[in-house]
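Listed below, chain by chain, are the residues.
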Amino acid sequence: MSLFKKSGTSGTNRWQSWPMLILYIFAAIIVFLILFARGDWFIPLVEKQASAALGRKVTIEHLHLRPWRTTSLEVEGLRIAQPDAFKDRKNDFVSIKDILVSFDVWRYLTGHGKELPLIRIDTPRADLASKADGTANYQFSDSSKPAPKDEKPFDPSSLPKIGDLIVSDGKINVALAKPKADMEVAIATSDPRQDGDRDILIKAQGRYDNAPITAQVKAGSLKDLTHETRPYPIEARIDNGPTRVDLKGVVKDPLHFKGTDLLLHFSGPDMALLYGLTGIPIPHTPPFDVKGQLAYSAEMIRFSNFAGRMGNSDIGGTIAVSPRDKPPYVDARLHSKNVDLADLGGFIGTKPGKAEDKAQAQRGKFLPADPINIPKLNAVNAHLVYHGDHIQNKNTPFDNINADVIIDHGAIDIKRLSYAIGSGELFLKGTLKPAGSKQFAANIAVDAKSLPLGKLLQGLGGKDSEGRMGGHAKLSARGNSIASLLGNGDGGVSLVIDRGGEITALLPNLLGLKLGSALLSALGLPEKTDLKCFVADLPLNNGVLSTRAFLLQTDDTRTLGGGTINLRSEKLDYHVTTRSTSFSILSLPGKVNITGSLRAPSVLPGAEIIGRAAATAALAAAFPPALVLPTIQFGVGKGSQCEQALNDVSIHPASGAAPSLGKKQVRPNVKAPQHKRPDSAEKVHQVWMKRLETQHKATR
């Protein structure tokens, strides 16, 4: 009798029971294999499937499967080879001596979700590498294939609940071409905490961004990482060359990016060195030390309410970065209560805290020829707003500083760069756009509005003055340094000074000690001479300043100038002529030539002075000193030339904009000619001979 046949069962029903019998037998075999078979039987199947999925060869020495309510899978001798493009690497992509993963089957079958009570990894090794073209051995997806249309975004809730993670003696070799990284990273878990969880410990040592790097990170357990309500603690210190970064705090539900409470501390000799760590280009700065709150989300990284020092200046504010934008967008709102302008040198293209480049001085050049120090502008788009309440550098006359600058795909738009100087303002705006070969197309305008000369001269070490200065300068050029921009530029300079104070204090400070003092000596102006009016209107054409108007007027003299200043070759070809506007034997008419280089100009009397000096010396030898008086030209001007020059520079300025002195307008206050009684003949002779001796020495 058939085992499966019952009374009254037809033959047809008897044959329908055979498929069920086969199914029962197959299920029994599976259960038997799971309970008693060796896991090594499944190695070929697992290796084949894993190799196909990862795109590289996968081998396993032993496989152990222990089924029960909590099933565990243990893999011994796991090795994942390098992909074909990285066959030259000495080590495997990944190798693990032993890895065990347990899975709570009963919890899953009863609908309580997925849970991995234990993950134990012994002696894991990895070798991560990337090339300069961007290919990396840790890339598994084929970027050339479009993503499936129905692909859903990653859902953190789909991750299993993690129990205990134990990692021992883990090491990762990292060799990344673009960040110039070559380091070894050690990973392990700590001994159990009081709550039984283990912290994740990471140590790194090697080189990053062409500098030594060491890093220590202590983070919460893997259970903390996937916990929705428990803050995830993190503490890190990174030393990259001389730069140090400290981070401490908690992340709220990091898988969902629900916020952070992190204190970030940066310190080092130069903020430009932070580029490798942050990816944000920052100009060179003096030593810095700042700390603030770090918050992040998928859309925004924010370093807020930070404060600290940068050189001799305090610095604070907020920096926000939108990492998803290409390139990333940076919005920086910064301020300082007390700022030393030398600390901001890197933001205007010079070296912070350095007044003059030694190499430049050795070349004998006056204008800075070093390339403008502008960081990797194409790396980010940015908007920078900066305000400095008080400028404390004693060598500058500025009271405060305001800047508003936009960087858009490599182009710089200076919306505003201004300095308050007493009741006046120095204002700059313009653009710098990439023009190939690391050059910029520059369009810059500078306005000096009603600047108090007393404030300017105090900053330059000069004497006080009640005068005011107004001016405008415009430059359109291509270049990569101050020297090349000026040497190729077009535009002009228009400048007006009203009641400038003592010329002996003004010229050496405005023109430089050597040039100003030499010019004063050649002009022969008395030491206490007050400047009443100065007008300069100088067009700039292809790097050469020419003269449309140059007038310097005092109570008793009027000096006119003409010639050119070649900013490309830094050569002077200029002359000035002084005439007396009153009866003064101390004003000898004639031309003074100013030639040579901007750094070392030569100031010599012209042919007219030399000729008159020789003739006067002959007369002085044969006749009484009183006969010298006819050589003096008496001036009859009433200030009309100054008024005319002011009118011209206001109507047709070479710079394109008329100089402004604010509410206080220029009113030339020139004395009418006065016929003063001459000094005694003996005094006239003494003064005259001293003048001639000085001029003869200058012409030897």
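Rules and cut-offs
- Residues numbered from 1 in each chain as written.
- Predicted model: local features only at pLDDT ≥ 70, side-chain atom pairs only at ≥ 80, totals over all residues.
- Heavy atoms only, no water.
- Helix = DSSP H or I, 4+ residues; strand = E, 2+ residues; numbered from the N terminus.
- Buried < 20%, exposed > 50% of the residue type's maximum accessible area, 1.4 Å probe, protein only.
- Contact = heavy atoms within 4.5 Å.
- Areas by Shrake-Rupley, 256 points an atom, 1.4 Å probe, with all protein chains shown as cover.
- Expected span 1.5 Å × (residues − 1).
- Core = buried A, V, L, I, M, F, W, Y, C linked by side-chain atoms within 4.5 Å.
- Patch = residues over 30% accessible without salt bridge, like charges linked within 9 Å, V, L, I, M, F, W, Y side chains within 5 Å.
- Salt bridge = Lys/Arg side-chain N within 4 Å of Asp/Glu carboxyl O.
- pLDDT = per-residue confidence, 0-100.
- Pairing = 2+ DSSP bridges.
- Phe/Tyr/Trp six-rings, centres within 6.5 Å; stacked < 30°, edge-to-face > 60°.
- Polar contact = N/O pair within 3.5 Å; in protein donor to acceptor, adjacent residues only side chain to side chain.

Draft legend 1. Inspection of the overall build of the chain at higher detail. Counting its secondary structure elements, the chain contains 14 helices and 31 strands. In the chain, buried positions account for 41% of the 700 residues. Here the analysis covers contacts within the chain between residues at least 6 apart in sequence; of these, 50% occur between residues at least 24 apart. On the chain, roughly 38400 Å² of surface is accessible, and the fraction owed to carbon and sulfur atoms is 57%.

Draft legend 2. Highlighting unusual backbone geometry. For the peptide bond that leads from Lys326 to Pro327, omega is -5°, which places it in the cis range. Structurally, the position occupied by Pro327 is in the loop between strand 16 (313-322) and strand 17 (329-339). A positive phi angle, close to 55°, is found at Lys180, a residue other than glycine. By the element assignment, Lys180 lies in the loop between strand 7 (170-176) and strand 8 (181-189).

Draft legend 3. Spotlight on helix 3 (residues 43-54). Look at helix 3: 16 Å from first C-alpha to last across 12 residues, which is about the 16 Å you get at 1.5 Å a residue. Phi turns positive, to about 75°, at Gly55, one or two residues after helix 3.

Draft legend 4. Spotlight on the nonpolar core. In this structure, Met183, Phe266, Tyr386 and Ile401 are the most contacted members of the largest nonpolar core, which totals 94 residues. Not counting the four nearest positions on each side in its chain, Phe266 is found in contact with Arg244, Val245, Leu274, Thr278, Phe288, Asp289, Val290 and Phe303. In this structure, Ile280, Val321, Val330 and Ala382 belong to the second largest nonpolar core, which totals six residues.

Draft legend 5. Up close: a nonpolar patch on the surface. Residues Trp41, Phe42 and Val46 make up a contiguous nonpolar surface patch of roughly 300 Å² in combined accessible area. As for its position among the elements, Val46 is in helix 3.

Draft legend 6. How the structure looks around the confidence of the model for the chain. On average, the chain scores 77 in pLDDT, and the residues at 70 or more come to 70%. Long-range and interchain partners of residues 1-15, a stretch whose pLDDT sits below 50, account for four contacts in this model, where long-range means more than four residues apart. For the stretch residues 355-359, pLDDT sits under 50, and the model shows four contacts to residues farther than four places along the chain or on other chains.

Draft legend 7. The arrangement of the pairing of strand 10 (residues 211-219) in detail. Bridging between strand 9 (residues 200-208) and strand 10 involves nine bridges; their strand directions are antiparallel. Across the sheet, residue Gly206 finds its bridge partner in strand 10, namely Ile213. With antiparallel pairing between neighbouring strands as the criterion, strand 9 and strand 10 make up a hairpin whose turn holds two residues, including Asp209 at a positive phi of roughly 55°. In this sheet, strand 11 (residues 232-240) lies alongside strand 10 in antiparallel orientation, the contact comprising seven bridges. Across the sheet, Ala215 pairs through a bridge with Ile238, a residue of strand 11.

Draft legend 8. How the structure looks around the packing of aromatic side chains. Under the definition given, this model contains seven aromatic pairs. Between Phe93 and Phe140, the aromatic rings sit 5.8 Å apart at their centres with planes inclined by 70°, giving edge-to-face as the arrangement. In this pair, Phe93 is assigned in the loop between strand 3 (70-80) and strand 4 (94-104) and Phe140 in the loop between strand 5 (115-130) and strand 6 (161-168), connecting sequence segments 47 residues apart. Ring geometry for Phe266 against Phe303: centres 5.8 Å apart, planes inclined by 85°, an arrangement best described as edge-to-face. Separated by 37 residues along the polypeptide, Phe266 in strand 13 (residues 260-268) and Phe303 in strand 15 (residues 301-310) bring together distant segments of the chain.

Draft legend 9. Broad picture of the pattern of salt bridges. Counted by the stated rule, this structure contains 20 salt bridges. Its salt-bridge partner being Arg66, residue Glu74 comes within 3.0 Å of it at the nearest N-O pair. On the accessibility criterion, Glu74 (9% relative accessible area) is buried. Since its relative accessible area comes to 40%, Arg66 is described here as partly exposed. Among the salt bridges present, the one from Asp537 reaches Arg548, with a minimum N-O distance of 4.0 Å. You can see Asp537 sitting in strand 25 (residues 530-541) and its partner Arg548 sitting in the loop between strand 26 (544-545) and strand 27 (549-554), a full 11 residues away along the chain. Each member of the salt-bridge network shares a partner with another, and the members are Arg193, Asp195, Asp197, Asp199 and Lys218.

Draft legend 10. Geometry of the environment of Lys114. Tracing the chain through its elements places Lys114 in the loop between helix 4 (105-109) and strand 5. Along the chain, Lys114 and Ile162 lie 48 residues apart, while their C-alpha atoms are 8.9 Å from each other.

Draft legend 11. Quick look at the environment of Val535. Tracing the backbone shows Val535 in strand 25. Taking the C-alpha atoms as reference points, Val535 and Leu646, 111 residues apart in sequence, are found 6.8 Å from one another.

Draft legend 12. Broad picture of the side chain of His472. Tracing the backbone shows His472 in strand 23 (residues 468-479). Relative accessible area serves as the criterion here: at 8%, His472 is assigned to the buried category. Side chain to side chain, His472 and Asp447 meet in a polar contact 2.6 Å long.

Draft legend 13. Structural view of the environment of Asp98. On the secondary structure map, Asp98 appears in strand 4. With 24 residues separating them in the primary sequence, Asp98 and Glu74 have C-alpha atoms 7.2 Å apart. Discounting residues that sit within four places of it in the chain, Asp98 has contacts with Glu74, Val75, Glu76, Arg120, Ile121 and Asp122.

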